[in-house]
Amino acid sequence: MIISLENISKFYNGNQVLKNAALTIEDSDRIGLVGINGCGKSTLLRIIAGLEIPDKQPEPHNARISKNKGVVIGFLAQNSGLEGANTINAEMRSVFGKLLEIAQRLEELRNDNIPEKFAEEYSLKTAFFEANDGYLIDVKINKVLNGMGFLPETRERAINTLSGGEKTRLALAKLLLENPGLLILDEPTNHLDFDTILWLEDYLRDYKGALLIVSHDRYFLDRLITSTCEIERGTLRRFKGNYTAFTAQKADLVTRQLKEYEAQLEEIAKLKDYIDRNLVRASTSNMAKSRRKQLEAMEIIEKPMMYEKSAKIKFAYDRAPVKELLIVEDLKLAAGENNTLVESLSFNLRRGEKLAVVGANGSGKSTLLKVIQNMLPYSRGFIRWGDYVKIAYFEQANDYFKMNDTCMNAVHRLYPRMTELEVRNLLGLVRITGENVYKKVGVISGGERAKLRFAIMMPERGNVLILDEPTNHLDIDTREVLEAALSEFGGTIIFVSHDRYLLHKLGSRVLEIADHCIKMHDGFESYVTSRRERQNIELSVGAEVSARPSNPGTYRTKEQRALETKKRVRISELESEIHRAEILISDLQSALEDPEVCADYQLLSEKAALFEQEKKRLSELSDEWLELSET
């Protein structure tokens with residue numbers, strides 16, 4: 001057991017977000033935490049992480065938290081990033097501070113040819129260093145940084161020069177290296193590109209500790225979790241299985257509870273009717289009294305918690321634009337004067353198309369959306385919109401809003417002719433209701449800000465929607481509502497997203513930005529297939545072509561690029577094998593310390609032999625990794 005919570009309650013502004021919640025997390029649990037925005041998910045995570053305390057309540061509802069003292073809890077909060085002047089490499093190496101101090105001391109002792117008086121110290125420190133994989137520090141750091149998208153040439157950058165998204169990714173990378181017994185992740189995929197999400201999924205599937213994840217990415221949850229906790233109206237309930245299994249179980253539970261509730265209502269009505277008609281009649285009075293005792297003793301079934309009313313998002317427009325909607329020719333996409341993102345970009349868009357834009361972080365996706373709207377300058381190219389185009393734009397950043405505005409004021413600022421009732425009704429469509437309409441934009445959640453933007457977009461009645469990561473921070477229920485609204489929209493959509501459900505459901509074409517070039521695909525599945533085929537072709541070419549020395553100053557040939565790709569793939573394979581070997585060695589080491597194993601000589605010998613075999617294999621894998629990494 002890692003941690004156990006009982007009777008956890010929490011009030012905010014008189015609103016109870018957690019009501020006597022109970023949860024036990026075991027060593028190998030994989031838990032997904034779901035619920036609508038503002039239901040208390042982040043509050044519960046902070047309580048588990050020890051960053052917040054539950055409210056005091058009288059017995060028998062006094063809060064109790066029992067924690068295994070030997071277990072470290074790691075917590076990645078939403079939009080929390082690293083800060084400071086450290087370089088990326090220095091910050092990652094700080095995780096292994098104790099081991100690095102031991103490595104330095106061992107080096108000092110070796111330089112002194114290990115005098116006899118230091119022999120025992122050297123032996124003990126060497127054993128500790130090897131047992132804690134001290135020789136694999138660089139392997140681990142490179143594996144995680146590569147996976148999280150930090151290329152070798154970027155690792156001497158100071159943290160305070162990184163973007164907000166990069167700082168969050170780096171915070172996650174550091175947490176993975178720290179390897180806590182319980183890893184708590186609050187929306188970990190929000191700032192990750194497609195490849196990084198896939199890498200993180202694979203890494204977490206092999207993670208040895210427990211996982212507690214809040215995510216609106218249904219693919220991510222389905223691949224990782226084995227149980228689902230839902231917070232609804234302050235109540236925490238746990239279900240077996242991944243998110244898909246949870247949705248089916250929840251629907252069945254609500255249906256069953258509703259039937260039981262309605263059946264009891266009917267029974268109560270019959271009992272009351274019988275009592276009212278027969279209590280005063282002498283011949284039936286005793287029977288009526290018996291029915292009344294039966295009614296008084298009945299355990300009343302509460303009305304089940306139904307799914308909250310979903311947001312109502314609908315986009316419409318007044319006039320259709322011309323058929324040939326957008327022409328982009330030979331556009332040079334750049335971030336500043338010296339950072340070319342795409343040398344030449346050309347594509348056409350017809351009325352009614354849904355174009356998805358994908359690519360790694362920093363490839364130029366958001367820049368493209370702004371450039372085609374003339375929000376950013378461009379040095380070369382041609383952009384022409386057809387007649388009668390009216391754009392409604394969803395921007396990923398919060399620059400659109402004034403943080404001191406209330407939700408009501410944010411709408412009034414754009415629609416001054418709307419009455420207060422009309423503004424309330426509009427906000428009510430996205431479930432910003434009651435006193436929440438007077439909350440300042442700066443204090444509401446990221447999901448609520450996104451819904452506020454959708455509320456403002458609906459009256460704009462744009463026939464072209466341009467959306468930059470529209471599902472980030474939205475709860476799953478609102479994501480599904482938005483997906484339906486965008487699918488039903490008859491106009492044109494250009495959108496950037498890492499949401500695989502949305503890409504699969506909506507993208508009629510996919511524009512991929514990679515290696516400063518673009519490639520157009522006929523839908524999301526075509527995009528995924530094309531990526532796999534390109535990788536296979538590059539690997540096959542690399543296998544057929546022998547390594548050739550290249551002349552200094554010449555550009556890399558296709559064969560050389562293929563060999564580089566093959567090397568990177570092998571490095572990735574080695575990192576996965578090294579990770580699995582580390583887990584097996586750790587398990588074997590634990591087994592060798594088990595009294596039951598020690599009491600069985602044959603089993604002990606088998607475990608010891610396998611332990612030595614795996615250590616040798618790990619050493620060989622590490623040597624190959626270092627050789628490839630250094631060339």
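Residues numbered from 1 in each chain as written. Predicted model: local features only at pLDDT ≥ 70, side-chain atom pairs only at ≥ 80, totals over all residues. Heavy atoms only, no water.

Peer 1: Would you mind showing me how to read the side chain of Lys143 here?
Peer 2: Considering the arrangement of structural elements, one finds Lys143 in helix H5 (residues 137-147). The contacts of Lys143, once residues within four sequence positions are left out, are Trp199, Tyr203, Glu575, Ser576 and His579. (Helix = DSSP H or I, 4+ residues; strand = E, 2+ residues; numbered from the N terminus. Contact = heavy atoms within 4.5 Å.)

Peer 1: Would you explain the pairing of strand E11 (residues 340-350) in this entry?
Peer 2: It is a general feature of regular strands that their side chains alternate between the two faces of the sheet. In terms of strand pairing, strand E10 (residues 324-334) meets E11 through seven bridges, oriented antiparallel. Of the residues in E11, the one forming a bridge with Ala334 is Thr340. Joining the antiparallel neighbours E10 and E11 is a turn of five residues, in which Gly336 adopts a positive phi near 85°. (Pairing = 2+ DSSP bridges.)

Peer 1: What should I look at first to understand the sheet that holds strand E4 (residues 64-67) in this one?
Peer 2: Working definition: the strands of a sheet are paired by backbone hydrogen bonds and lie parallel or antiparallel to each other. Ordered in space as E2-E1-E4, the three strands form an open sheet in which the pairing is antiparallel. Two strands lie at the open edges of the sheet, namely strand E2 (15-25) and E4, each paired on one side alone. With strand direction ignored, the average angle separating the axes of adjacent strands in the sheet is 25°. Where strand E1 (residues 3-12) and E2 come together, seven bridges link them in antiparallel fashion. Bridge pairing in E2 places Leu5 opposite Leu23. (Axes fitted to C-alpha atoms, helices over the stretch in contact; angles between N-to-C directions.)

Peer 1: So what exactly am I meant to see when it comes to helix H13 (residues 420-429) here?
Peer 2: Because each turn of an α-helix spans 3.6 residues, side chains separated by three or four positions in sequence point in the same direction. Val423, Leu426 and Leu427 are the residues of H13 that are buried. Buried residues along H13 cover an arc of 95° about the axis, so they all sit on one side. Next to the buried residues of H13 lie helix H12 (407-414) and helix H14 (446-460). Phi turns positive one or two residues past the end of H13, at Arg431, with a value near 65°. (Buried < 20%, exposed > 50% of the residue type's maximum accessible area, 1.4 Å probe, protein only. Arc of directions from axis to C-beta.)

Peer 1: Explain the side chain of Ser227 to me, please; I cannot follow it from the model alone.
Peer 2: Here Ser227 lies in strand E8 (residues 227-232). Ser227 gets classed as buried once you look at its relative accessible area, which sits at 7%. Other than its neighbours up to four places away in sequence, Ser227 contacts Arg30, Ile31, Gly32, Arg238, Phe239, Lys240 and Gly241.

Peer 1: Is there a simple way to think about the packing of aromatic side chains in this case?
Peer 2: To describe a pair of aromatic rings, one takes the distance between the centres and the angle between the planes. Enumeration over the complete set of coordinates arrives at ten aromatic pairs. Between Phe315 and Phe454, the aromatic rings sit 6.4 Å apart at their centres with planes inclined by 70°, giving edge-to-face as the arrangement. Here Phe315 is found in the loop between helix H10 (285-297) and E10, whereas its partner Phe454 is found in helix H14, with 139 residues between them in sequence. For Phe315, a relative accessible area of 7% gives the class buried. Judged by its relative accessible area of 0%, Phe454 falls in the buried class. Put simply, the rings of Phe315, Tyr317, Phe394, Phe454 and Phe489 touch in pairs and so form one group of aromatic residues. Directly above the aromatic system of Phe150 lies the positively charged group of Arg169, at a separation of 4.7 Å from the ring centroid. Directly above the ring of Tyr501 sits Arg218, whose terminal nitrogen or CZ lies 4.1 Å from the centroid. (Phe/Tyr/Trp six-rings, centres within 6.5 Å; stacked < 30°, edge-to-face > 60°. Lys NZ or Arg CZ within 6 Å of the ring centre and 35° of its normal.)

Peer 1: How should I be thinking about the sheet that holds E10 in this particular structure?
Peer 2: Spatially, three strands are ordered E11-E10-E13 in an open sheet, and the strand pairing comes out antiparallel. The open sheet has two edge strands with one neighbour each: E11 and strand E13 (382-385). Taken over all neighbouring pairs, the strand axes of this sheet differ in orientation by 15° on average, direction set aside. Pairing of E10 with E13 involves four bridges; the strand directions are antiparallel. Each residue of the ladder has a partner; that of Leu326, found in E13, is Trp385.

Peer 1: Sorry, what's going on with the confidence of the model for the protein chain here?
Peer 2: In low-pLDDT regions, the fine details of the predicted coordinates are not to be read closely. Scored by pLDDT, the protein chain comes out at a mean of 85, with 92% of its residues at no less than 70. For the protein chain, the element scoring lowest by mean pLDDT is helix H17 (residues 524-544), at 65; strand E16 (residues 492-496) scores highest, at 96. Considering only residues more than four positions removed or in separate chains, one finds that residues 542-555, a stretch of pLDDT under 50, has eleven contacts. (pLDDT = per-residue confidence, 0-100.)

Peer 1: Any chance you could explain the packing of H13 against H14 here in plain terms?
Peer 2: Axis separation between H13 and H14 bottoms out at 8 Å; the angle between their running directions is 120°. Between H13 and H14, the angle is such that the two are oblique. H14 is crossed by H13, and the crossing has right-handed handedness. Contacts between H13 and H14 pair Leu426, Leu427 and Leu429 from the former with Leu452, Ala455, Met458 and Pro459 from the latter. (Parallel < 35°, antiparallel > 145°, perpendicular 65-115°, else oblique. Left-handed = near helix turned anticlockwise from the far one by under 90°.)

Peer 1: Explain the pattern of salt bridges here, please?
Peer 2: Oppositely charged side chains can pair when the atoms bearing their charge come close. Following the criterion strictly, the structure yields 34 salt bridges and no others. A salt bridge links Lys370 to Glu395; its shortest N-O distance comes to 3.3 Å. With Lys370 in helix H11 (residues 365-371) and Glu395 in the loop between strand E14 (391-394) and H12, this pair connects stretches of sequence that are 25 residues apart. Classification of Lys370 by relative accessible area gives partly exposed; the value is 22%. Linked by salt bridges that have partners in common, Glu201, Asp202, Asp217, Arg223 and Arg500 make up one network. (Salt bridge = Lys/Arg side-chain N within 4 Å of Asp/Glu carboxyl O.)

Peer 1: What is the right way to look at the packing of helix H9 (residues 243-278) against H10 in this model?
Peer 2: Running from N to C, H9 and H10 cross one another at 150°; their axes reach a closest spacing of 9 Å. With respect to each other, H9 and H10 are oriented roughly antiparallel. Classified by chirality, the crossing of H10 by H9 is left-handed. Contacts between H9 and H10 involve Glu267, Ile268, Leu271, Lys272, Tyr274, Ile275 and Asn278 from the former and Ser285, Met287, Ala288, Arg291, Arg292, Gln294 and Leu295 from the latter. In terms of residue class, the contact of H9 with H10 is built from seven nonpolar, three polar and four charged. (Nonpolar A, V, L, I, M, F, W, Y, C, P; charged D, E, K, R; others polar.)

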